[in-house]
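Now for the letters of each chain:
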Amino acid sequence: MKRIASLVLGLTLAASIPAWAQDQYVALPSYRVGPYAAGGSGFYGGIIDYFNLVNLAGGVNGVKISWEECETEYNPSRGVECYERLKTKNGGATLVEPLSTGVAYGVLDRLAVDKIPMTMIGYGRSDAANGKVFPYVFPLITSYWNQAAAMIKYLGDKNGGMDKLKGKKIAYLYHDSAFGKEPLPVLEALSKQYGFDLVKVPVTPPGTEQQSQWLQIRQANPDHVILWGWGSMNAVAIKTAQRNGIPREKILGVWWAGSEEDTVPAGDAAKGYSAMTFNTPGNYPVMDEIHKKLYDAGKGNLADRTRIGSVYHMRGVSAAILWVEAMRTAQEKFGKGKPVNGEQMRWGLEHLNVDEARQKAIGALGMLPPVKTSCDDHEGSGAVKVQQWDGKKWNAITPNWIVGDKALTRKLLEESSAAYAAEKKITPACAK
């Protein structure tokens, strides 16, 4: 009840900020209610906190950031409606982020026409990393395909080498949606390459009942279980696995199954559980600034202060860091101290270079991997880590960033994006 109350209060605090005459307007088709509210509220709360922090310092070279939220409830049709409602406001949106694979797919074909870039931070169409085919789409940091490849790389290393996966059995328990089906081409290709048996076990969303699926997994007796879940499905999975005698040490979660909201409700069943992440848990100067300058002054976006620096909140801050850096980059080319339009923002996102030196200057060194984009690579990294829940907090258990078989994922990306281009009659080329 306390969590629900916090989310409801967070919703009331999520009002849009009034647009300035010369501002940088961002559209946020967000979700703070429903079965996925914890992820949405934390992520968008982190974005807005960083925007407010930047605005307190005078904006991006003097340009303030404004935004407006529209509640989608993680529903694709509502998400498309929100996009249409937000895109023309305040002189026109210059960036959109729906945090939903279904919504992203729903608006993807409209972006180039509307000239509004869309980021997909750690989700969505993996082949959209090919900027020659998807000029206005940016699956920044890392994609589901590169995450799946990194998962198999990590499991191979755990077994003593990739060749040791031959004859092993890996169960894939997944949210039966576009989100859950996205990594299947990579997992299936790696299964053939390394000779492990991939057991696919779908779960109907929202996934509050999984007994039959875990019985199937218990009967299969896999060596590893990949949990590709989202929202309330994850805590149910962890608890149901325990009831069926599946050791949590065998389970490796997708990064959307690796937050405090997934493990705290699972109680002792979650202790020792591991999941992927594209953020390193820990304390960072930028998070300290958010504490002091926003929350201590009563200006934070989240009602529950214990969520500051949590996994979802940190991901939102990371997303906003990349956007602000794209704004800075675009201003360097198109005019310092002036808001950029959607086409110019697209250019900024395609020329990002958030290296370790820049991260240090921001106060976020090591919080996310270095990100460098180009026309060929709208993702910019592909690196991940593995974190483990100790019963109270997440700890990184891989000191270095992990990169899977990028040659394979690039091959699949080229094939898939070429098929999309042929279907849509797109001539692949770098946008100017």
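What you see is a predicted model, and the numbers here were worked out from it, not measured in a lab. (Residues numbered from 1 in each chain as written. Predicted model: local features only at pLDDT ≥ 70, side-chain atom pairs only at ≥ 80, totals over all residues. Heavy atoms only, no water.)

You can read the domains of the protein as domain 1 (24-142 + 282-381) and domain 2 (145-277 + 387-408). Its C-alpha centre places domain 1 at a distance of 27 Å from the equivalent point of domain 2. Domain 1 puts 28 residues into the contact, and the matching count from domain 2 is 25 residues. Contact between domain 1 and domain 2 buries roughly 2100 Å² in total, counting both sides, with carbon and sulfur atoms accounting for 56%. The three residues of domain 1 that bury the most area against domain 2 are Tyr36, Tyr312 and Arg315, which together make up 28% of that side's buried surface. Between Glu261 and Arg307 there is a salt bridge; the shortest N-O distance is 3.1 Å. The tally of links between domain 1 and domain 2 comes to 13 residue pairs in polar contact (both at pLDDT 80 or more). (Domains from an automatic or database assignment. Contact = heavy atoms within 4.5 Å. Buried area = accessible area lost by both parts, 1.4 Å probe. Salt bridge = Lys/Arg side-chain N within 4 Å of Asp/Glu carboxyl O. Polar contact = N/O pair within 3.5 Å; in protein donor to acceptor, adjacent residues only side chain to side chain.)

Turning next to empty space enclosed by the protein. Rolling a probe over the atoms, with the probe sized like a water molecule, indicates the empty space that remains. Applying the stated criterion across every chain yields a total of two cavities of 30 Å³ or more. Looking at the largest cavity, its volume works out to about 70 Å³. As for the largest cavity, its lining consists of Tyr31, Tyr74, Leu99, Ser100, Thr101, Tyr123, Tyr144, Phe179, Trp230 and Trp256. For the lining of the largest cavity, the class distribution of residues is eight nonpolar, two polar and no charged. A domain-level breakdown of the lining of the largest cavity finds at least three residues from each of domain 1 (24-142 + 282-381) and domain 2 (145-277 + 387-408). (1 Å grid on protein atoms, 1.4 Å probe; cavity = no way out; pocket = protein on both sides within 12 Å on 5 of 7 lines; lining within 4 Å. Points joined across faces, edges and corners; volume = space filled by probe spheres on them. Nonpolar A, V, L, I, M, F, W, Y, C, P; charged D, E, K, R; others polar.)

Applying the stated criterion across every chain yields a total of two disulfides. Across the disulfide, Cys70 is cross-linked to Cys82 (sulfur-sulfur distance 2.1 Å). The sign of the -65° torsion about the S-S bond sets the Cys70-Cys82 disulfide as left-handed. Within this pair, whereas Cys70 is found in strand E2 (residues 64-71), its partner Cys82 is found in helix H3 (residues 76-86), the two being separated by 12 residues in sequence. The burial state of Cys70 is the same as that of Cys82; both residues are buried. Bridging Cys375 to Cys430, the disulfide has an S-S length of 2.1 Å. Taking the sign of the S-S torsion, about -100° here, the bridge from Cys375 to Cys430 comes out left-handed. (Disulfide = S-S within 2.5 Å. Helix = DSSP H or I, 4+ residues; strand = E, 2+ residues; numbered from the N terminus. Buried < 20%, exposed > 50% of the residue type's maximum accessible area, 1.4 Å probe, protein only.)

Listed in full, the buried residues belonging to helix H9 (residues 211-220) are Gln213, Trp214, Ile217 and Ala220. Projected onto a plane normal to the axis of H9, the buried residues spread over an arc of 115° and lie on a single side. Looking at H9, the residues exposed on the side facing more than 90 degrees away from the buried face are Ser212 and Gln219. Structurally, H9 contributes buried residues whose contacts are with strand E5 (169-175), strand E6 (197-203), strand E7 (224-228), helix H10 (232-243) and strand E8 (251-253). (Arc of directions from axis to C-beta.)

Right, let's talk about the sheet that holds E5 for a bit. Judged by pairing direction, the sheet is mixed, and its seven strands sit side by side in the order E6-E5-E7-E8-E9-E12-E13 without closing on themselves. Only two strands of the sheet have a single neighbouring strand rather than two, namely E6 and strand E13 (394-396). In this sheet, neighbouring strand axes are inclined to one another by 25° on average, regardless of whether the strands run parallel or antiparallel. Summarising the sheet, E5 and E7 pair through five bridges and their orientation is parallel. Looking across to E7, one finds that Ala171 is bridged to Val225. Packed onto the sheet, helix H6 (residues 144-158) meets E5, E7, E8, strand E9 (274-277) and strand E12 (385-389) and runs at close to 160° relative to E7. (Pairing = 2+ DSSP bridges. Axes fitted to C-alpha atoms, helices over the stretch in contact; angles between N-to-C directions.)

This part is about the pairing of E12. Within E12, four of the five residues are buried, which leaves it mostly tucked inside the rest of the structure. Of the strand pairs in this sheet, E9 and E12 are connected by four bridges, and their pairing is antiparallel. Looking at the pairing, Met276 lines up with Val386 of E12. The turn joining E12 and E13, which pair antiparallel and follow one another in sequence, is formed by four residues; a positive phi near 105° is taken by Gly391.

The next subject is the nonpolar core. Across soluble globular proteins, you tend to see nonpolar side chains buried next to one another. By size, the foremost hydrophobic cluster in this structure holds 138 residues, and its most contacted members are Tyr50, Trp256, Trp323 and Met367. Residue-level mapping places this core at the junction of two domains, with at least three residues from each of domain 1 (24-142 + 282-381) and domain 2 (145-277 + 387-408). Excluding its chain neighbours within four sequence positions, the residues that come into contact with Met367 are Phe278, Asn279, Thr280, Tyr284, Val286, Met287, Met314, Val317, Ser318, Ile321, Gln359 and Trp401. (Core = buried A, V, L, I, M, F, W, Y, C linked by side-chain atoms within 4.5 Å.)

Along the chain, Gly382 turns up in the loop between strand E11 (371-372) and E12. Considering only alpha carbons, one finds Gly382 and Pro369, 13 residues apart in sequence, at a separation of 8.6 Å. For Gly382, the residues in contact, after removing those within four places along its chain, are Ile141, Thr142, Asn146, Ile402, Val403 and Lys406.

Here the focus is the UniProt feature "domain: Leucine-binding protein" (unreviewed entry) in the protein. UniProt records the feature "domain: Leucine-binding protein" (unreviewed entry) at residues 26-391, using the numbering of this structure. Taken end to end, residues 26-391 comprises 41% helix and 14% strand; its first and last C-alpha atoms sit 37 Å apart. (UniProt positions renumbered as here; feature names shortened; annotations may be inferred.)

Our next topic: the packing of aromatic side chains. All chains considered together, the criterion is met by 24 aromatic pairs. Measuring from ring centre to ring centre gives 4.5 Å for Tyr36 and Tyr74, while their planes differ by 50°; the resulting arrangement is tilted. Taken together, the residues Tyr36 in the loop between strand E1 (23-30) and helix H2 (37-56) and Tyr74 in the loop between E2 and H3 connect sequence positions 38 residues apart. You'll find Tyr36 and Tyr74 in the same group, each marked buried. Note on Trp230 and Trp256: the rings are 5.5 Å apart at their centroids and 65° apart in plane angle, and the pair reads as edge-to-face. You can see Trp230 sitting in the loop between E7 and H10 and its partner Trp256 sitting in the loop between E8 and helix H11 (260-263), a full 26 residues away along the chain. Neither Trp230 nor Trp256 differs from the other in exposure class; each is buried. A cation sits over an aromatic face here: Arg315 above Phe278, 5.0 Å from the ring centre. Seen from the ring of Tyr136, Arg346 lies directly overhead, with NZ or CZ sitting 5.9 Å from the centre. (Phe/Tyr/Trp six-rings, centres within 6.5 Å; stacked < 30°, edge-to-face > 60°. Lys NZ or Arg CZ within 6 Å of the ring centre and 35° of its normal.)

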